Amino acid sequence: MKDKVGAPATDSSDNGVNRRDFLKVGATAAAVAGASSVGMAESASAAAYNPKKFAGTTVKILLVDGERDQEGIKDKISYIQKTHGIKVEVTALALGAQLEKIQSVLRASTSEYDIIDNLGFTVSGVVGGGLFTKLNDYIANKELTAPTYNYPADFPAGQLDYTSRYDVANNKFGGKDVYLIPGIHSGSVIMFYRKDLLSAAGIPVPKSWDDYIDAARKLNTGGVSGTTMIAANDVSLILVDWYARFASMGGKLMSGTPGAKNYKPNLNGSTAVRAVQHMIDCAEVSPKGVGSFGFTESVDAFSRGDVALMLCWSTIAGSAFNPETSKVASKIGAVQIPGDANTTGRPIRGGWGLGIPKNLPKKRKDAAWMVMQYITSASFDKYQMDNFQTDPNRRSTYADAALNKKYPYLKVAGQAMENAKMLDVALIPECFELVGEAAREFNLAIIGSQTAKQACANAQASWEKILKRAGHLA
Amino acid sequence: MLYSLGISFFEFDRVAGKWNFLGLGNYKEILSDKVFWSSILVTGVMVGVALIVEVVAGVSLAIFFGQKLRGSKFVRAILITPMILNPVVVGLMWRALLNPQWGLFNWFIGLIGIDSPPIWLADPKWSLWTLIFVDIWQWTPFIFVVVFARYQALPTDVFESARVDGASPLKIIRYITLPLVSSAVVFAAIFRGIDSFRTFDLVYGLTFGGPGRSTTTLSFYSFENGFVYYRYGFASALSYIMVIMATIGFSVLLKWIPVRRNH
């Protein structure tokens, strides 16, 4: 189904990648990356690459807390000291505090941190503002970059156009200039389901949104809720549940461009209303109080065995496969999110990108690159995924046979990463404000305070007001 | 303070990394903003209701524990525990207690026969009252501690004379205890009122301003604009409007409530 306003949106990853293509790409990438499976440092003998070139320096890294990103690096601090001779210090702040810190650090005369991890939705504000170092010369420099680094081939193309390449001159995602490297984790949204319940009820795994609500209604018996979702007044309501429905139903969120001042939202179109209505229908077969559910409540309900179907970031809900934290670990399956008759599931693209602030002296930048190269390497990507179950960044990790045996959802998460779609409004700094306003209206619809149509009309009005104030809409 | 006053007349362009002068633009936008007016209402209800209940309950507890009953020291120590917890932690703790699936609070009220309790945090009809309830739970001990300290310092001979003269316990409270502790009550109430007026952390941990805007206080709205949307100028202007409101409000309150009696 297409929205009133036109064809589905496209981005660089718009050509869906099927399972066979994905495995082929992953296997090739794995073969290349495999050479470095014991770490970048071991590649020191190749070419003129010398990991100890900046020995004796200290590199400070700023990460987000609460997403287990710092754990892998902390484990490897002594390893980096040994192989690179560089002392690494890690600071992890809660998301809000980290975003605030980034704003001040990047505008100081000299940055306090050498490496900063940036949320995809904030890239346009910080990289677009010209505040990060261009990395093309580093990547091309054989003295500073290991021959096995395998950038860009080992990363999903769409992810590179989101948390790596940016066209600063035209303030848009993609282009040829590299400012960030995807990491510490990426991720997209996949569908988790209870294999035992679907099988017992004779229901096939839902492939369309109509199938999804039908299955949820049929499975909503015997103390188990048909589905759950992020329905609280939280930006994730939009990013995970609503956008998965909207984009997969063929919706196009925006028309025009911010530069031309005709950047108009399509939140009151039929597809937007249908996506909200689908969430309202799902709320009726969700656990009581789903209107206040964030990630924790939803994933916990699923892991307790109280829910049959759930959409979630794989990087968060992967823990449902862990028998130590899930009562139903052995009964879960994971597939791509549903689509419609004429569309395939298009989840949102998530993830982070590591960059080196522009306001650093050259020597600090060089040392930062050595460390950043290691923590975005294939070997570290596998280590982080295996030990902390965050979604990897590299195709070789998604396709890794041993990891797939251990984490059966990994292959599905990798396919989702190849097919995921960037949130259109991520290219303007007002992204969070827009998403927050829509989340508030849709939350009110889900808890029954207004209809789907009213919620969409209100969200449309708010978005237009914000876009006009910001000068993106005349 | 002066810096934030200065930026309240500007807007920060994050992409260009520069400040654009708006004059009174932020202030004008705030005054025509529906959310600002609804936040005033939410903040007003919260300050008014919470403060009245906290003062009545805190003073009552202070007088009750002033009777030096057996075991009162132990109960007093437990009573002040909520006050020493971080409000964000209190918010998250109550979010768990009020969980509609497995929260202890609903289980407990189920025991007294209420089988279908409201969804406290997801229903706009209940969310503000839930927020106020948690605020009262956390901050009544503050009023209690301040008033109790004053009550303990009162001369005992006044009370003994009243008893000898045949005054009933209620008359002693009405005509002796309350006038003598009134300065402490006013101090605690004003301190609590200002604190309640700028409530942010509890909202952050418990409801994040929702559902809809039902629990968006002025402070939370200011935080949201400043630190989630990066509208530093708008958030600063909003904070200055709050400062003006608080200064006027509490100056009037101080004039209206006599701390010292002249007779």
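As the structure is a computational prediction, the values presented were derived from the model and not from experiment. (Residues numbered from 1 in each chain as written. Chains lettered and ligands numbered in written order. Predicted model: local features only at pLDDT ≥ 70, side-chain atom pairs only at ≥ 80, totals over all residues. Heavy atoms only, no water.)

1. Observations regarding the overall build of chain A
Now for step 1: For chain A, the helix and strand inventory stands at 19 helices and 12 strands.
Now for step 2: Taken against the 2.2 N^0.38 rule, which gives 23 Å for 474 residues, the C-alpha radius of gyration of chain A at 22 Å falls within 12% of a compact globule.
Now for step 3: Restricting to contacts in chain A with at least 6 residues of sequence separation, those with at least 24 account for 77%.
Now for step 4: Taken as a whole, chain A presents about 16600 Å² of accessible surface, with 52% of it coming from carbon and sulfur. (Helix = DSSP H or I, 4+ residues; strand = E, 2+ residues; numbered from the N terminus. Rg over C-alpha atoms; globule rule 2.2 N^0.38 Å. Contact = heavy atoms within 4.5 Å. Areas by Shrake-Rupley, 256 points an atom, 1.4 Å probe, with all protein chains shown as cover.)

2. Thoughts on the overall build of chain B
Now for step 1: Secondary structure assignment for chain B yields 12 helices and 2 strands.
Now for step 2: For chain B, the sequential pattern of α-helices and β-strands runs α-β-β-α-α-α-α-α-α-α-α-α-α-α.
Now for step 3: Dimensions of chain B, computed from the C-alpha atoms along their principal axes, are close to 80 × 55 × 25 Å.
Now for step 4: Within chain B, the fraction of its 263 residues that count as buried is 45%.
Now for step 5: For chain B, the accessible area works out to roughly 14100 Å², and carbon and sulfur atoms hold 70% of it.
Now for step 6: A distance of 6 Å separates the average location of the 21 positive side-chain charges in chain B from that of its 14 negative side-chain charges. (Buried < 20%, exposed > 50% of the residue type's maximum accessible area, 1.4 Å probe, protein only. Lys, Arg positive; Asp, Glu negative; His and termini not counted. Charge placed at Lys NZ, Arg CZ, Asp CG, Glu CD.)

3. Examining a nonpolar patch on the surface
Residues and elements named next belong to chain B.
Now for step 1: Where nonpolar side chains cluster on the molecular surface, the patch consists of L104, W107, F108, L111, I112 and I114 and spans about 680 Å² of accessible area.
Now for step 2: With respect to the helices and strands, the residue F108 is situated in helix α6 (residues 104-111).
Now for step 3: Take F108: its relative accessible area is 48%, and that puts it in the partly exposed class. (Patch = residues over 30% accessible without salt bridge, like charges linked within 9 Å, V, L, I, M, F, W, Y side chains within 5 Å. Salt bridge = Lys/Arg side-chain N within 4 Å of Asp/Glu carboxyl O.)

4. Brief notes about the interface of chain B and chain A
Now for step 1: Chain B puts 29 residues into the contact, and the matching count from chain A is 32 residues.
Now for step 2: Both sides together, the interface formed by chain B and chain A hides about 2600 Å², and carbon and sulfur atoms give 50% of it.
Now for step 3: Counting across the interface, chain B meets chain A through 3 salt bridges.
Now for step 4: Among the salt bridges present, the one from E297 of chain A reaches R95 of chain B, with a minimum N-O distance of 3.1 Å.
Now for step 5: Applying the counting criterion to the chain B and chain A interface returns 6 residue pairs in polar contact (both at pLDDT 80 or more).
Now for step 6: In terms of residue count, helix α11 (residues 218-228) of chain B provides more of the side of chain B that touches chain A than any other element does, 3 residues in total.
Now for step 7: Residue composition of the side of chain B that touches chain A, grouped by class: 15 nonpolar, 7 polar and 7 charged. (Buried area = accessible area lost by both parts, 1.4 Å probe. Polar contact = N/O pair within 3.5 Å; in protein donor to acceptor, adjacent residues only side chain to side chain. Nonpolar A, V, L, I, M, F, W, Y, C, P; charged D, E, K, R; others polar.)

5. Observations regarding the packing of helix α9 (residues 235-248) of chain A against helix α18 (residues 431-446) of chain A
All names here are of chain A.
Now for step 1: Running from N to C, α9 and α18 cross one another at 80°; their axes reach a closest spacing of 6 Å. Taken together, the axis directions place α9 and α18 in an arrangement best described as roughly perpendicular. Residues V235, L237, I238, L239 and W242 of α9 form the contact with α18, whose own contacting residues are F432, V435, G436, A438, A439, F442, N443 and I446.
Now for step 2: Classifying every residue of the contact of α9 with α18 gives 11 nonpolar, 2 polar and no charged. (Axes fitted to C-alpha atoms, helices over the stretch in contact; angles between N-to-C directions. Parallel < 35°, antiparallel > 145°, perpendicular 65-115°, else oblique.)

6. Some remarks on the packing of aromatic side chains
Now for step 1: Inspection of the entire model under this criterion finds 46 aromatic pairs over all chains.
Now for step 2: Aromatic side chains F192 of chain A and F302 of chain A sit 6.3 Å apart centroid to centroid with 65° between the ring planes, which places their arrangement in the edge-to-face category. Of the two residues, F192 of chain A sits in strand β6 (residues 180-194) while F302 of chain A sits in helix α11 (residues 295-304), which places them 110 residues apart along the sequence. Of the two residues, F192 of chain A and F302 of chain A, neither departs from the other in class, the shared state being buried.
Now for step 3: An aromatic cluster of at least three residues, connected via ring pairs, comprises W94, F105, W120, W126, F133 and W137 of chain B.
Now for step 4: The ring centre of Y383 of chain A lies 4.3 Å from the NZ or CZ of K76 of chain A, which sits over that ring.
Now for step 5: Sitting over the face of the ring of F234 of chain B, R231 of chain B holds its NZ or CZ atom 4.5 Å from the ring centroid. (Phe/Tyr/Trp six-rings, centres within 6.5 Å; stacked < 30°, edge-to-face > 60°. Lys NZ or Arg CZ within 6 Å of the ring centre and 35° of its normal.)

7. Observations concerning helix α10 (residues 270-284) of chain A
Residue and element names in this part refer to chain A.
Now for step 1: For α10, built from 15 residues, the straight-helix expectation of 21 Å at 1.5 Å per residue is met to within 8% by its first-to-last C-alpha distance of 21 Å.
Now for step 2: A large share of α10 lies buried, amounting to 11 of its 15 residues.
Now for step 3: Contacts made by the buried residues of α10 are with α8 (209-219), β7 (225-228), α9, α18 and α19 (452-469). (Expected span 1.5 Å × (residues − 1).)

Function cannot be read off these values alone, since they describe shape.
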